[in-house]
Amino acid sequence: MKMLPAKGFVGGFVFSARRGEQRTFEGATGDFMETGMTAPGFVAHLLGDPQHLMETCLLVLGFVAQGVFSARFLVQWIVSEKEGRSVVPVAFWYLSVIGGGLLLLYAIFRKDPVFILGQAGGLVVYVRNLYLIYRERRRSRIVAS
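Rules used in this analysis
Residues numbered from 1 in each chain as written. Predicted model: local features only at pLDDT ≥ 70, side-chain atom pairs only at ≥ 80, totals over all residues. Heavy atoms only, no water. Core = buried A, V, L, I, M, F, W, Y, C linked by side-chain atoms within 4.5 Å. Buried < 20%, exposed > 50% of the residue type's maximum accessible area, 1.4 Å probe, protein only. Helix = DSSP H or I, 4+ residues; strand = E, 2+ residues; numbered from the N terminus. Contact = heavy atoms within 4.5 Å. Axes fitted to C-alpha atoms, helices over the stretch in contact; angles between N-to-C directions. Parallel < 35°, antiparallel > 145°, perpendicular 65-115°, else oblique. Left-handed = near helix turned anticlockwise from the far one by under 90°. Nonpolar A, V, L, I, M, F, W, Y, C, P; charged D, E, K, R; others polar. Phe/Tyr/Trp six-rings, centres within 6.5 Å; stacked < 30°, edge-to-face > 60°. Lys NZ or Arg CZ within 6 Å of the ring centre and 35° of its normal.

Undergrad: Would you take a moment to explain the nonpolar core for this structure?
TA: Side chains of nonpolar character tend, in soluble globular proteins, to be buried together. Ala-65, Phe-69, Val-90, Phe-92, Trp-93, Leu-103, Leu-104, Leu-123, Tyr-126 and Leu-130 together form the largest nonpolar core, which totals 10 residues. Those elements that provide at least two residues to this core are α2 (50-83), α3 (90-110) and α4 (113-144). Residue contributions to this core peak at five residues, all from α3. Every residue in contact with Leu-104, bar those within four places of it in the chain, is listed here: Ile-116, Gln-119, Ala-120 and Leu-123.

Undergrad: Which parts of the structure should I look at to understand the environment of Val-64?
TA: With respect to the helices and strands, the residue Val-64 is situated in helix α2. Sequence separation between Val-64 and Gly-99 is 35 residues, and the spatial gap between their C-alpha atoms is 8.2 Å.

Undergrad: I tried to follow the packing of α2 against α3 on my own but got confused; where do I start?
TA: How two helices pack is summed up by the angle between their axes together with the distance between the axes. Running from N to C, α2 and α3 cross one another at 155°; their axes reach a closest spacing of 8 Å. Relative to α3, α2 is oriented roughly antiparallel. Pair α2 / α3 crosses with left-handed handedness. Looking at side-chain class alone, the contact of α2 with α3 contains 19 nonpolar, six polar and three charged residues.

Undergrad: Looking at this structure, I do not really get the packing of aromatic side chains. What am I missing?
TA: Two aromatic rings are characterised by how far apart their centres lie and by the angle between their planes. On inspection of all chains with the given rule, the structure shows five aromatic pairs. For the ring pair Phe-92 and Trp-93, a centre distance of 4.9 Å and an interplane angle of 85° mean the geometry is edge-to-face. Of the residues examined, Trp-93 reaches a relative accessible area of 15% and is grouped as buried. Where Trp-93 meets Tyr-126, the ring centres are 6.3 Å apart and the plane angle is 40°; that geometry is what we call tilted. Highlighted residues: Trp-93 in helix α3 and Tyr-126 in helix α4, separated in sequence by 33 residues. A single burial state applies to Trp-93 and to Tyr-126, both of which are buried. Taken together, Phe-69, Phe-73, Phe-92, Trp-93 and Tyr-126 form an aromatic cluster joined through their ring pairs. The lysine or arginine in question, Arg-137, covers the ring of Tyr-134, its NZ or CZ lying 5.4 Å from the ring centre.

Written out as structure tokens, the structure is:
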């Protein structure tokens, strides 16, 4: 079997940029092996192998979770720029809870105790901040009426 370097990486599988050549990822070594698999065959292989499907789903979950979690900083930056001062909007805490919760699920599926502990601890802080924000708003409405 002839080993060749990858040209493009997609979801655990690699397809060469050269016409007619296709390769699949072989382990964690970074080596790739030639196959005769077509795109429909690849999809059938992916859906037919629960391990590959689970791995791909976990990667998607991880990237989506990290995207949501990272978006909170973008939201905070935009709001702060509009206000001309440092502001932590409520949306920041919602994105923290959603992204942190998804990352916690990802960590649980990966069985990573360090990641699980870190995300679980963060979720406590994010939920507590939302509680304090809404408690303050409720008190302000009571005082105003």
